[in-house]
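Working through the structure, step by step
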2 protein chains.
Amino acid sequence: VLVGISGGSDSVALTLLLLDLAEYNGFSVVSLAHLNHQLRLSAARDEAFCRELAARVGLPIAVEAVDVREYAAARRLSLEDAARRVRYAFLGRAAASAGATRVAVGHTEDDQAETFLLKLMRGAGLAGLGGIYPRRGLVIRPLLDVSREDLRAYLAARGETWVEDETNADVENPRNRVRHIVLPELDRTAGASTRPAIARAAALVREDGQWLDELSRERFEALAAITPAGLEIDATSLAAEPAPLVRRVLLEAMRQAADGREIGLDHIEAVLAVLDRSRGGVDVPGSRVELRRGKLVLVRQKGPSK
Amino acid sequence: VLVGISGGSDSVALTLLLLDLAEYNGFSVVSLAHLNHQLRLSAARDEAFCRELAARVGLPIAVEAVDVREYAAARRLSLEDAARRVRYAFLGRAAASAGATRVAVGHTEDDQAETFLLKLMRGAGLAGLGGIYPRRGLVIRPLLDVSREDLRAYLAARGETWVEDETNADVENPRNRVRHIVLPELDRTAGASTRPAIARAAALVREDGQWLDELSRERFEALAAITPAGLEIDATSLAAEPAPLVRRVLLEAMRQAADGREIGLDHIEAVLAVLDRSRGGVDVPGSRVELRRGKLVLVRQKGPSK
């Protein structure tokens, strides 16, 4: 296992917990990996903290510095989206060179609940509401059912420290507003922490979604034809399927050309409008969608697109 | 159509809109119906307001007074749950005696978003997250995609008034906290109203859920046997099904004895623990669930239960 570490409480606790668990559980932690985002004044301090921790626990640490702001600007991505892409690409490379078969990252129940609410208010659709996956490809998230509060209590009990991300206090950032204002208000309303219930809802949506995805994938393969221009789906056959399946087939079709950009509910609804002829055509990330002679056609667009 | 009316802005707008629409749309509004909950000091004022409106628009109005507090206490229900049951039972009777084939009620996009967040924080599971149904049995909710703000603007433009529910200001009430504190904070975070996105998420969860329910109903019929004591399900066959189906079969089984009481996620998880033998037995609303000789058995409990 390679552990991605920012220096914050979650990833420091993850590192120490995995080192403890490895002794008895037939796996080993081979390296840490820290990405210096160059976004904050404290980036150098965070990097130094992680290097010291690695030295103290006797692990190598891979460190890379990337100008995330520049990366985001060049690709017209949000800063959060850009940071996520750069981070996982780096962790994948670091895992390969360290010989790790898993990359552990420190997402907690708190992150899960925050992500759910952020996706909910942005209308991201059900794929988004499924939230953060406990496992996806190489990446594992062993702390996804654990609260940040418990992890900090664990670190405090061991006499360990961590670095505080000073941008956490910036309530202009939507995630911080959800963390510091919205979730505490929900907690006050419920009279208890609502994070476990929200994380559980995300897990249920994900579980239902995975089954529906499985049922839908087969239909996508049967309905969609790859053409030189892009992708074609017979409109009449598609419209005859149940609505949850139609949505998922359209999502899958759009993802093929989206190059990792997020396909939202608005995109799906726009294409549904093309399908039922209430709209002539629509641009979605990576493609132009039109109805041509009974076929829904997704024409791949060249160059940097919206 | 019979219209349920409280005297609040939503149901007043619903009444006037339906009367307008009826002229051109091949249906007619035959009566109003007002339930006096006897819960508030203003109950008599609300009833008088509704009677006056009915007289002014030339419609009969059915009025019934029920002591909801007593009804709730006798059946160990929450006040909100008791009020809901008493209201829909009354509306059903009123529709039958008025010869109405539909009962229209004034739930809005705001109610939908509030219900979603309340269910979310209470861990109600996916059936709850589906929120308020646009149509169920006789009941129709034509305003479920319309915001309260738009309805009030409509009433103001027509010079119409409504009664304010003074308990709306009581922030000890969870729904009011969600309405007046949590949702406005989410809106500030998103920079726009989040109610449309939340109502849309509820609709998607409902759509997915309805398809999964359909796929699961068939399995429930095949797996569950009604016995004199209650209900039996073969444990091995059930455990072999995909998780979303297992959850729904258990939900359906528990509902059979729950007499309308809500089955929550906690109940489903408790029975899952019985199914995988990590728990001996469990009491759920209306039944005792145990594993007996390879069968999951739900024994119906007599008398007022939890």
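Everything below is about the structure shown above.
Rules used in this analysis
- Residues numbered from 1 in each chain as written.
- Chains lettered and ligands numbered in written order.
- Predicted model: local features only at pLDDT ≥ 70, side-chain atom pairs only at ≥ 80, totals over all residues.
- Heavy atoms only, no water.
- Least-squares fit on C-alpha atoms with pLDDT ≥ 70 in both.
- Contact = heavy atoms within 4.5 Å.
- Helix = DSSP H or I, 4+ residues; strand = E, 2+ residues; numbered from the N terminus.
- Pairing = 2+ DSSP bridges.
- Axes fitted to C-alpha atoms, helices over the stretch in contact; angles between N-to-C directions.
- Buried < 20%, exposed > 50% of the residue type's maximum accessible area, 1.4 Å probe, protein only.
- Lys, Arg positive; Asp, Glu negative; His and termini not counted.
- Salt bridge = Lys/Arg side-chain N within 4 Å of Asp/Glu carboxyl O.
- Polar contact = N/O pair within 3.5 Å; in protein donor to acceptor, adjacent residues only side chain to side chain.
- Buried area = accessible area lost by both parts, 1.4 Å probe.
- Nonpolar A, V, L, I, M, F, W, Y, C, P; charged D, E, K, R; others polar.
- Phe/Tyr/Trp six-rings, centres within 6.5 Å; stacked < 30°, edge-to-face > 60°.
- Lys NZ or Arg CZ within 6 Å of the ring centre and 35° of its normal.
- Expected span 1.5 Å × (residues − 1).

Focus on the relation of the copies chain B and chain A
- Here chain B sits on chain A after a turn of 180° about the axis and a move of 0.0 Å along it, with an RMSD of 0.0 Å. Both chain copies can therefore be described as sitting about a two-fold axis. Relative to the rotation axis, the C-alpha of Val182(B) is the closest in chain B, positioned 3.0 Å from it.
- Same-surface contact between copies: 100% of interface residues of chain B are shared with the interface of chain A.

Quick notes on the environment of Leu32(B)
All names here are of chain B.
- Residue position: Leu32 is located in strand E2 (residues 31–36).
- Spatially, the C-alpha atoms of Leu32 and Ala95 are 9.2 Å apart, while their sequence positions differ by 63 residues.
- Those residues within four positions of Leu32 in sequence are excluded, and the remaining contacts are Leu2, Val3, Ile5, Thr15, Ala54, Leu59, Pro60, Ile61 and Ala62.

Remarks on the sheet that holds strand E1 (residues 2–4) of chain B
Residues and elements named next belong to chain B.
- What the six strands build is an open sheet, ordered E3-E2-E1-E4-E6-E5; its pairing is mixed. Single-partner strands in this sheet number two, and they are strand E3 (61–65) and strand E5 (135–136).
- Sheet topology places E1 next to E2; three bridges connect them, and they run parallel. If you follow Val3 over to E2, its bridge partner there is Leu32.
- Sheet contacts for helix H2 (residues 43–57): E2 and E3; angle to E2, the most-contacted strand, approximately 175°.
- On top of the sheet, helix H4 (residues 79–98) reaches E1, E2, E3, strand E4 (103–104) and strand E6 (139–140); it is set at about 150° to E2, its chief contact.

Notes on the side chain of Arg206(A)
Residue and element names in this part refer to chain A.
- Mapped onto the elements of the fold, Arg206 is located in helix H9 (residues 195–223).
- Although Arg206 lies buried, it forms no salt bridge, and the closest oppositely charged side chain, Asp145, sits 6.7 Å away as judged by the N-O distance.
- Setting aside residues up to four positions removed in sequence, Arg206 forms contacts with Gln112, Gly130, Ile132, Tyr133 and Pro134.

Thoughts on the side chain of Thr115(A)
Residues and elements named next belong to chain A.
- Summarising the element assignment, Thr115 is placed in helix H5 (residues 109–122).
- Thr115 gets classed as buried once you look at its relative accessible area, which sits at 10%.
- A polar contact is formed between the side chain of Thr115 and the side chain of Arg175, at a distance of 3.2 Å.
- With residues up to four places along the chain from it excluded, the contact list for Thr115 reads Gly131, Ile132 and Arg175.

Comments concerning the interface of chain B and chain A
- Taken residue by residue, the interface counts 40 residues in chain B and 40 residues in chain A.
- Sorting the residues of chain B by area buried against chain A places Met121(B), Arg200(B) and Trp211(B) first, and these three jointly supply 19% of that buried surface.
- If you look at where chain B meets chain A, you find 10 salt bridges.
- Counting across the chain B and chain A interface gives 12 residue pairs in polar contact (both at pLDDT 80 or more).
- Elements with a minimum of two residues in the side of chain B that touches chain A: helix H5 (109–121), helix H6 (125–129), helix H8 (174–190), helix H9 (195–223), helix H11 (243–258) and helix H12 (265–275) of chain B.
- The element that contributes the greatest number of residues to the side of chain B that touches chain A is H9(B), accounting for 11 residues.
- Along the lines of polarity and charge, the residues of the side of chain B that touches chain A split into 25 nonpolar, four polar and 11 charged.

Brief notes about the packing of aromatic side chains
- Counted according to the given criterion, the structure contains zero aromatic pairs over all chains.
- Across from the ring centre of Tyr71(A), 3.8 Å away, lies the NZ or CZ of Arg75(A), which sits over that ring.

Things to note about the pattern of salt bridges
- Per the counting criterion, the structure on display carries 60 salt bridges over all chains.
- Salt-bridge contacts for Arg56(A) lead to Glu160(A); the nearest nitrogen and oxygen are separated by 2.9 Å. Here Arg56(A) is found in helix H2 (residues 43–57), whereas its partner Glu160(A) is found in the loop between helix H7 (148–157) and helix H8 (174–190), with 104 residues between them in sequence.
- For Glu160(A), a relative accessible area of 13% puts it in the buried group.
- A salt bridge links Arg195(B) to Asp187(B), with the nearest nitrogen and oxygen atoms 2.6 Å apart.
- What you see here is one network of salt bridges that share partners, running through Asp10(A), Glu80(A), Asp111(A), Glu114(A), Arg148(A), Arg175(A) and Arg179(A).

Things to note about H8(A)
- For H8(A), which comprises 17 residues, the first-to-last C-alpha distance of 22 Å matches the rise-based estimate of 24 Å (1.5 Å per residue) to within 8%.
- In terms of burial, H8(A) is a largely internal element, 12 of the 17 residues being buried.
- For H8(A), the complete set of buried residues consists of Arg175(A), Asn176(A), Arg177(A), Val178(A), Arg179(A), Val182(A), Leu183(A), Pro184(A), Glu185(A), Leu186(A), Asp187(A) and Thr189(A).
- The inward-facing, buried residues of H8(A) abut helix H4 (79–98), H5, H7 and H9 of chain A together with H5 and H8 of chain B.
- For H8(A), the N-terminal capping position is held by Asn173(A), with its side-chain oxygen 2.8 Å away from the main-chain nitrogen of Arg175(A).
- A positive phi of about 75° marks Gly191(A), the residue just after H8(A).

Focus: the sheet that holds strand E1 (residues 2–4) of chain A
Residues and elements named next belong to chain A.
- Pairing in this open sheet of six strands is mixed, and the strands run E3-E2-E1-E4-E6-E5 from one edge to the other. Each having just a single partner strand, strand E3 (61–65) and strand E5 (135–136) make up the two edges of the open sheet.
- Pairing analysis gives two bridges linking strand E4 (residues 103–104) to strand E6 (residues 139–140), with the strands arranged parallel. Directly across from Val103, in E6, lies its bridge partner Val139.
- On top of the sheet, helix H1 (residues 9–22) reaches E1, strand E2 (31–36) and E4; it is set at about 160° to E1, its chief contact.
- Set on the sheet, H2 makes contact with E2 and E3; between it and E2 the angle comes to about 175°.

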